[in-house]
Amino acid sequence: MSDSVSTPPSAPVTVLLVEDDEVIRLSVAMALERYGYRVLTAADGLTGLELFREGRHDLLLLDVMLPGLDGIGLCRRVRETSADPILMMSARGDSLDVVSGLEAGADDYVVKPVDTAVLVARIRSLLRRAAFASPAAGPAGPPEPDGPLVFGDLSLDTAALEVRRGGERIALAPTELRLLLEFAAHPGIVLDRQTLLREVWDYGWDGDTRVVDLCVQRLRKKVGAERVETVRGFGYKWKR
């Protein structure tokens, strides 16, 4: 990992790191602490779940391969009750690991060994998305419309950041909400995966487009599969 040090985050941020390899766990924790983060660590999934339930963290950094309760299972347990940002770590970058983690509800993933600067950039991107998705943070960008955006039985209140389907509120993870807002802002327009990576995932470089495909898949399950049309060879389009 790189030892370069950057300016610490403006506000205290706690990362819950769950990694069974002691060397990696200590090196990642030390690297993040040098960037000004507070790091809580666990060596197995069940201990990580206990720390998560104590609620003293802002973001979870989970290894895929963990004893007891693996990272995929831990991610699913977290998503049952929380929309906290989750970043998965995979030693192999194996497609099955990546897909399983994203399907379980992870927001993004990195392949070990990962450069510290890259890891911190991903963490900051996730934290920005989480802050954006918090109503307390207030709306960003141009003035919001007077009322919610309505697409059939789906309504999106862009000021309160609330989504309802058939009158019932839908719980979306921060990345899912950002993706929905991007689609709703461009109804009927095809958005390619690289554009979505830039606007939703905050990537300033080419990222793995699988994160887009898997997040679209999760969003479809919540808002209706018919809402997002796949345009083969190009990307996705939100139906008016």
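Our subject is the structure listed above.
Small disclaimer: the values here were computed from a predicted structure and weren't measured.

Asks: How do you make sense of the sheet that holds strand E1 (residues 14–18) when you look at a structure like this?
Replies: Hydrogen bonds between backbone groups are what pair the strands of a sheet, and the pairing can be parallel or antiparallel. If you trace the 5 strands from one edge of the open sheet to the other, you get E2-E1-E3-E4-E5, paired in parallel fashion. A strand with exactly one partner marks an edge of an open sheet, and here the two such strands are strand E2 (38–42) and strand E5 (108–111). Looking at each pair of strands side by side, their axes are set apart by 20° on average, direction ignored. Looking at chain direction, strand E4 (residues 86–90) and E5 are connected through 4 bridges and run parallel.

Asks: Looking at this structure, how should I read the sheet that holds strand E9 (residues 168–170)?
Replies: Here 4 strands make up an open sheet; going across it, the order is E6-E7-E8-E9 and the pairing antiparallel. The strands lining the two open edges of the sheet, one partner per strand, are strand E6 (149–151) and E9. Averaged over all adjacent pairs, the angle separating strand axes in this sheet is 25°, with direction ignored. Bridge count for strand E7 (residues 154–157) against strand E8 (residues 162–165) is 4 bridges, and the pairing is antiparallel. Note that in E8 the partner of Ser155 across the bridge is Arg164. Each of E6, E7 and E8 touches helix H6 (residues 174–185); the most contacted strand, E7, lies at about 100° to it.

Asks: How do you make sense of the packing of aromatic side chains when you look at a structure like this?
Replies: Scanning the model with the defined rule gives 2 aromatic pairs in all. Plain terms: the ring middles of Phe151 and Trp238 are 5.4 Å apart, the flat faces sit at 85° to each other, and that makes the pair edge-to-face. Taken as a pair, Phe151 in strand E6 and Trp238 in strand E12 (residues 235–238) lie far apart in primary sequence, 87 residues in all. Across the pair, Trp238 and Phe151 agree in class, each one buried. Aromatic pair Phe183 and Trp238: ring centres 6.2 Å apart, planes at 15°, arrangement stacked. With Phe183 in helix H6 and Trp238 in strand E12, the pair connects residues that are 55 residues apart, well separated along the chain. Among the aromatic side chains, those forming a connected cluster through ring pairs are Phe151, Phe183 and Trp238.

Asks: When you look at the nonpolar core in this model, what are you seeing that I'm missing?
Replies: Side chains that are nonpolar tend, in soluble globular proteins, to be buried together. Met88, Leu179, Phe183 and Trp201 are the most contacted members of the largest nonpolar core, which has 52 residues in total. With 7 residues, the single largest contributor to this core is helix H8 (residues 210–223). When sequence neighbours within four positions are dropped, the list of residues in contact with Met88 reads Leu62, Asp63, Val64, Gly71, Ile72, Cys75, Gly101, Ala106, Asp108, Tyr109 and Val110. Core analysis: the second largest hydrophobic core is formed by 20 residues, Tyr35, Val39, Leu61 and Val120 among them.

The rules we used
- Residues numbered from 1 in each chain as written.
- Predicted model: local features only at pLDDT ≥ 70, side-chain atom pairs only at ≥ 80, totals over all residues.
- Heavy atoms only, no water.
- Pairing = 2+ DSSP bridges.
- Helix = DSSP H or I, 4+ residues; strand = E, 2+ residues; numbered from the N terminus.
- Axes fitted to C-alpha atoms, helices over the stretch in contact; angles between N-to-C directions.
- Contact = heavy atoms within 4.5 Å.
- Phe/Tyr/Trp six-rings, centres within 6.5 Å; stacked < 30°, edge-to-face > 60°.
- Buried < 20%, exposed > 50% of the residue type's maximum accessible area, 1.4 Å probe, protein only.
- Core = buried A, V, L, I, M, F, W, Y, C linked by side-chain atoms within 4.5 Å.

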